[in-house]
Amino acid sequence: MWFLSRLRARRTLDAASAEALLAGRGVAPGAPADQQALAQLLEIAAGPGSAGELAGEVAAAAMFVQVTSQARPHRTARRVLVVAACAVAVGGTAVYASVAPAPHHKVTPAPFGVPADHHAVSSPAAQPDPSPPAPSRRDAGLRCPPPGDRRPATSCGGR
Amino acid sequence: MLEREFPDVLRAAATGDETAFARLWRDAHPPLLRYLRVLAGGAAEDVAGEVWLDVARGLARFRGGEQEFRGWLFTLARRRATDMRRRDARRPVRLTDDVAELDRPGDDDTAMAALDNLSTEAAVALIASLPRDQAEVIVLRVIAGLDAGHVARIVGKRPGAVRVAAHRGLRTLATRLGQRVTP
């Protein structure tokens, strides 16, 4: 009778035995025959891959190569963009440095025979100067700073 | 399962090593296919192909151990199978001849004798003949080797509910086999 065997299975397959089966630990040697059969069924179901199941390995590897080769140009393009952005930033800084005013330092021509460092004003790093940098000689008199600029008036033709 | 080798294999595959990817595939494809036989029936191979394509695309971004990798793989498989079911009418799982033989009432051979000659495909088909929620969790626990917590996350249920479904399914299978063991 099917319901009797169902009742028997319900009674004998307790939670601990079921968990052991699910974890792949099988059943104890003296377990009821239906549980041993169940353990065997699960073992067969979890068996190693058959030749038929593994037949697609070459195709899967080819798909992987195709996917990764398609992904690489994107990564390369991203790297190129980053390098280009860095180059633009560095180039822009260089251009700015070439047209921006030079740091303020005043060098007095030393008379012949006198060491120059007795006359030259030391650099801002060695002697901090709170005043903003003066424009370079090339810019002096050529460009006026905007109204908000704190550059000295000497850079604007004596303004 | 690759176990201790898994981190190295995964790292190599994530950097585009085809051999390492093939290693992952060889290890995980059979359980994936068996899981998809439960969810997608005859379309299991096609769905598995879509899943591996997803894996190949996302592998470089994946972080985690082997259980997490399998969790990800089987989550992708579940999504793909759900998409497929939305596209098509559900295809019933056809029992193989082996299972038909096992289920036939009758003569004096026992289930054990029948199991001796049972193929993996037939064993999976027998599990797949359970209600889908029970079959799914049994396959994920037994064939995919996932613990109850990972299975619960994949199927979107609590671990307790997963346990109940799995135990119920096992009892049903034991009952069917017991009918053959006990005349």
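Residues numbered from 1 in each chain as written. Chains lettered and ligands numbered in written order. Predicted model: local features only at pLDDT ≥ 70, side-chain atom pairs only at ≥ 80, totals over all residues.

Enquirer: Sorry, what's going on with the overall build of chain A here?
Expert: A tally of regular secondary structure across chain A gives four helices and zero strands. Order of helices (α) and strands (β) in chain A, N terminus to C terminus: α-α-α-α. Across the 159 residues of chain A, 16% fall into the buried class. Restricting to contacts in chain A with at least 6 residues of sequence separation, those with at least 24 account for 26%. (Helix = DSSP H or I, 4+ residues; strand = E, 2+ residues; numbered from the N terminus. Buried ≥ 20, exposed ≤ 12 C-beta atoms within 10 Å, placed from the backbone. Contact = placed C-beta atoms within 7 Å.)

Enquirer: Explain the overall build of chain B to me, please; I cannot follow it from the model alone.
Expert: Scanning chain B from N- to C-terminus turns up 10 helices and zero strands. Ordering the α and β elements of chain B from the N terminus gives α-α-α-α-α-α-α-α-α-α. Taken across its 183 residues, chain B has 49% of its residues classed as buried.

Enquirer: How do you make sense of the environment of Ala77(B) when you look at a structure like this?
Expert: Here Ala77(B) shows up in helix H4 (residues 66-87). Discounting residues that sit within four places of it in the chain, Ala77(B) has contacts with Leu32(B), Tyr35(B), Leu36(B), Val47(B) and Val51(B).

Enquirer: Even after reading the chapter, I still don't get the confidence of the model for chain A, so can you show me in this structure?
Expert: Close inspection of predicted coordinates is inappropriate for parts of the model with low pLDDT. Residues and elements named next belong to chain A. Taken over all residues, the pLDDT of chain A has a mean of 68, while the share at 70 or more is 40%. In the predicted structure, residues 118-145 sits below a pLDDT of 50 and forms 39 contacts with residues beyond four places in sequence or in another chain. Under a pLDDT of 50 for its full length, residues 151-159 has, in the predicted model, 18 contacts with residues more than four places off or in other chains. (pLDDT = per-residue confidence, 0-100.)

Enquirer: In this structure, what is going on with unusual backbone geometry? I would like to understand it.
Expert: Across the chain, the bulk of peptide bonds are trans and the bulk of non-glycine residues have phi less than zero. All names here are of chain B. Although it is not a glycine, Glu3 sits at a positive phi angle of roughly 55°. Checked against the element boundaries, Glu3 lands in the segment before helix H1 (6-14). A tally of 9 C-beta atoms within 10 Å means that Glu3 is categorised as exposed.

Enquirer: Would you mind going over the packing of helix H2 (residues 18-40) of chain B against helix H8 (residues 132-143) of chain B with me for this structure?
Expert: Packed helices, taken two at a time, are described by the angle between their axes plus the distance between the axes. Residue and element names in this part refer to chain B. Contact geometry of H2 with H8 gives a least axis separation of 9 Å together with a crossing angle of 175°. Taken as axis vectors, H2 and H8 run roughly antiparallel relative to one another. Two secondary-structure elements touch here, H2 through Pro31, Arg34, Tyr35, Val38 and Leu39 and H8 through Arg132, Ala135, Glu136, Val139, Leu140 and Ile143. Here the contact of H2 with H8 is built from residues that sort into eight nonpolar, no polar and three charged. (Axes fitted to C-alpha atoms, helices over the stretch in contact; angles between N-to-C directions. Parallel < 35°, antiparallel > 145°, perpendicular 65-115°, else oblique. Nonpolar A, V, L, I, M, F, W, Y, C, P; charged D, E, K, R; others polar.)

Enquirer: Would you mind going over the interface of chain A and chain B with me for this structure?
Expert: By convention, interface size is frequently given as the accessible area that disappears when the constituent parts associate. On the side of chain B, 38 residues touch chain A, which itself brings 36 residues to the contact. Residue assignment for the side of chain A that touches chain B shows that the elements contributing at least two residues are helix H1 (2-12), helix H2 (15-22), helix H3 (33-45) and helix H4 (57-99) of chain A. Take the side of chain A that touches chain B: its biggest share by element is 10 residues, from H3(A). Split by residue class, the side of chain A that touches chain B holds 22 nonpolar, eight polar and six charged.

Enquirer: Just checking my understanding: could you explain H2(A) for this structure?
Expert: Residue pairs spaced three or four apart in an α-helix point in one direction, given the helix's 3.6 residues per turn. All names here are of chain A. Those residues of H2 not exposed but buried are Ser17, Ala18, Leu21 and Leu22. Buried residues along H2 cover an arc of 135° about the axis, so they all sit on one side. Turned more than 90 degrees from where H2 packs its buried face, Ala15 and Ala16 sit exposed. Within two residues after H2, Gly24 carries a phi angle of roughly 80°, on the positive side. (Arc of directions from axis to C-beta.)

Enquirer: Just checking my understanding: could you explain the environment of Leu22(A) for this structure?
Expert: Counting through the fold element by element, Leu22(A) comes out in helix H2. Residue Leu22(A) is classed as buried on the basis of its 24 C-beta neighbours within 10 Å. Taking the C-alpha atoms as reference points, Leu22(A) and Leu42(A), 20 residues apart in sequence, are found 8.5 Å from one another. Leaving out residues up to four positions away in the same chain, Leu22(A) has contacts with Arg141(B), Val142(B) and Ala166(B).

Enquirer: Sorry if this is basic, but what is going on with the nonpolar core here?
Expert: Nonpolar side chains tend to gather and get buried jointly when the protein is soluble and globular. Judged by nonpolar contacts, the single largest core of 72 residues is most densely connected at Leu38(A), Leu41(A), Tyr35(B), Leu36(B), Ala77(B), Ile127(B) and Val139(B). In terms of residue count, the dominant contributor to this core is H2(B) (12 residues). Shared between two domains, this core takes at least three residues from each, and those domains are domain 1 (3-87) and domain 2 (97-181) of chain B. Apart from residues lying up to four places away in sequence, Tyr35(B) is in contact with Phe74(B), Ala77(B), Val139(B), Leu140(B), Ile143(B) and Ala144(B). (Core = buried A, V, L, I, M, F, W, Y, C linked by C-beta atoms within 7 Å. Domains from an automatic or database assignment.)

Enquirer: How should the packing of H3(A) against helix H7 (residues 120-128) of chain B be read in this particular structure?
Expert: Put simply, H3(A) and H7(B) touch, their axes get as near as 8 Å, and they point 115° apart. In the packing of H3(A) onto H7(B), the handedness of the crossing is left-handed. Listed contacts from H7(B) to Leu41(A), Ile44(A) and Ala45(A) of H3(A) are Thr120(B), Ala123(B), Val124(B), Leu126(B) and Ile127(B). (Left-handed = near helix turned anticlockwise from the far one by under 90°.)

Enquirer: Looking at this model, I keep getting lost on the environment of Ala28(A). Mind explaining?
Expert: Examined against the element boundaries, Ala28(A) turns out to sit in the loop between H2 and H3. A sequence separation of 11 residues divides Ala28(A) from Ser17(A), and the C-alpha atoms of the two residues are 8.8 Å apart.

Enquirer: So what exactly am I meant to see when it comes to H7(B) here?
Expert: Of all nine residues that make up H7(B), eight are buried, and the element is covered over most of its length. When we look at burial in H7(B), the residues that qualify are Thr120(B), Ala122(B), Ala123(B), Val124(B), Ala125(B), Leu126(B), Ile127(B) and Ala128(B).

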